[in-house]
Amino acid sequence: MADEAVFEFLHMEMVAHIHREAVKDEKDQCISKLEALGFRVGQSLIERFTKECSRFKDELDTMKFLCKDFWGLVYKKQIDNLRTNHQGVYVLQDNKFKFLVQMSTGKQYMESAPKYLAFPCGMIRGALSNLGVNCIVTAEVSAMPACKFQIQIQRT
């Protein structure tokens, strides 16, 4: 219980610090910095979490691991919904995303939601990168605190 609060507080302070330290011209770079931090954390965590796992048989199996095990270890709950079009696009839906639950459900907070989602997007991308999946991760909030992460696999 205490570790969850520490993680949430660390995330809030990290976002606040990066945005507070940025000059007016660098505000758009804040999201990139948070995403890069998340990428590195995701790489490290997935390395640790998959140390004793067997290889995943396919892309869908990797995504299921991400939704159940990885998300469960990081956020103490599983993803609520995983959808795919079987052409390299996956949508992960969390109906009560931990970093958005503390914010009010009013529309005025919708514009500040992206800065709190950059780190988790980077974490997902970093985790998948270490599993050999090159992708683009975006987040969308249509109603607080629900969040959808869209993962688009980059085929080479």
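Reading the values: rules and limits
- Once a new chain begins, its residue numbering starts again from 1 and follows that chain's sequence as written.
- Side-chain atom pairs in this predicted model are given and counted only at pLDDT of 80 or more, local residue features only at pLDDT of at least 70, and totals for whole chains, interfaces and linings cover all residues.
- The side-chain quantities take in all heavy atoms of the structure and omit both hydrogens and water.
- Counting from the N terminus, the helices are DSSP H or I runs at least four residues long and the strands are E runs at least two residues long.
- For each residue, the accessible area found with a 1.4 Å probe, counting protein chains only, is set against the maximum for its type, and the residue is called buried under 20%, exposed over 50%, and partly exposed in between.
- A fitted line through C-alpha atoms serves as each axis, taken over the contacting stretch for helices, and the angle formed by two N-to-C directions is quoted from 0 to 180°.
- Note on terminology: angles under 35 degrees are roughly parallel, angles over 145 are roughly antiparallel, angles of 65 to 115 are roughly perpendicular, and the others are oblique.
- It is the rotation of the near helix from the far one that decides the hand of a crossing: anticlockwise by less than a right angle makes it left-handed, clockwise makes it right-handed.
- Contacts: residue pairs with any heavy atoms within 4.5 Å of one another.
- Under the scheme applied, nonpolar residues are Ala, Val, Leu, Ile, Met, Phe, Trp, Tyr, Cys and Pro; charged residues are Asp, Glu, Lys and Arg; polar residues are all the others, including Gly.
- In this description, a disulfide is simply a cysteine sulfur pair whose atoms lie within 2.5 Å.
- The aromatic pairing rule takes the rings of Phe, Tyr and Trp, using the six-membered ring of Trp, and pairs them if the centres are within 6.5 Å, calling planes under 30 degrees apart stacked, those over 60 edge-to-face and the rest tilted.
- By this rule, a helix spans an expected 1.5 Å times one less than how many residues it contains.
- The reported bend at a residue is simply the angle between two axes, fitted to the 7 residues ending at it and to the 7 residues beginning with it.

**Q** Looking at this model, I keep getting lost on unusual backbone geometry. Mind explaining?
**A** Outside of glycine, negative phi angles account for most residues, and trans bonds account for most peptide bonds. The peptide bond linking Met144 to Pro145 adopts the cis configuration, its omega dihedral lying at -5°. Relative to the helices and strands, Pro145 resides in the loop between β3 (135-140) and β4 (147-153). The phi torsion at Lys76 lies on the positive side, around 60°, for a residue other than glycine. The residue Lys76 is located in the loop between α3 (59-75) and β1 (81-84) in this model. If you check the backbone angles, His86 has positive phi at about 60° while not being a glycine. Tracing the sequence through the fold places His86 in the loop between β1 and β2 (89-94). His86 gets classed as exposed once you look at its relative accessible area, which sits at 65%.

**Q** Looking at this structure, how should I read the packing of α3 against helix α5 (residues 113-130)?
**A** If you want to describe how two helices pack, look at the angle between their axes and the distance between the axes. Where α3 contacts α5, the axes come no closer than 12 Å and their chain directions differ by 130°. Classed by the angle they form, the pair α3 and α5 counts as oblique. Considering how the two elements wind past one another, α3 and α5 form a crossing that is right-handed. Between α3 and α5, the residues in contact are Thr62, Met63, Leu66, Phe70, Trp71, Val74 and Tyr75 and Pro120, Met123, Ile124, Ala127 and Leu128, respectively. Split by residue class, the contact of α3 with α5 holds 11 nonpolar, 1 polar and no charged.

**Q** How should the state of the cysteines be read in this particular structure?
**A** Any covalent bond linking the sulfur atoms of two cysteines counts as a disulfide. In this structure the tally under the stated criterion is 0 disulfides. Cys121 supplies the cysteine sulfur nearest to Cys30, a cysteine that is in no disulfide, at a spacing of 16 Å. Given the relative accessible area of 2%, Cys30 is considered buried. Not part of a disulfide, Cys147 finds its nearest cysteine sulfur in Cys121, a span of 7.0 Å. Relative accessible area serves as the criterion here: at 1%, Cys147 is assigned to the buried category.

**Q** Teacher, can you tell me more about the packing of aromatic side chains here?
**A** The relation between two aromatic rings is expressed through the spacing of the ring centres and the mutual angle of the planes. If you walk through the whole model with that rule in mind, you get 7 aromatic pairs. Judged by centre distance (5.0 Å) and plane angle (45°), the ring pair of Phe56 and Phe65 falls under tilted. Take Phe56: its relative accessible area is 22%, and that puts it in the partly exposed class. Judged by relative accessible area, Phe65 falls into the buried class, the value being 7%. Consider the rings of Trp71 and Tyr75, whose centres lie 4.6 Å apart with planes at 45°: the pair is tilted. On the criterion of helical spacing, the pair formed by Trp71 and Tyr75 is a turn pair, its members being 4 residues apart in helix α3. Of the two residues examined, Trp71 and Tyr75, each falls in the buried class. The rings of Trp71, Tyr75, Phe97 and Phe149 are connected pair by pair, giving a single aromatic cluster.

**Q** I keep staring at α5 and nothing clicks. Help me out?
**A** One turn of an α-helix holds 3.6 residues; hence residues three or four places apart share an orientation. Taking 1.5 Å of rise per residue, 18 residues should cover 26 Å, and α5 covers 27 Å from first to last C-alpha, within 8% of that figure. Taken as a whole, α5 carries its principal kink of about 25° at Phe119; the proline Pro120 stands between one and four residues after it. Where burial is concerned, most of α5 is hidden: 13 out of the 18 residues are buried. Downstream of α5 by a residue or two, Gly132 has a phi angle that is positive, lying close to 85°.

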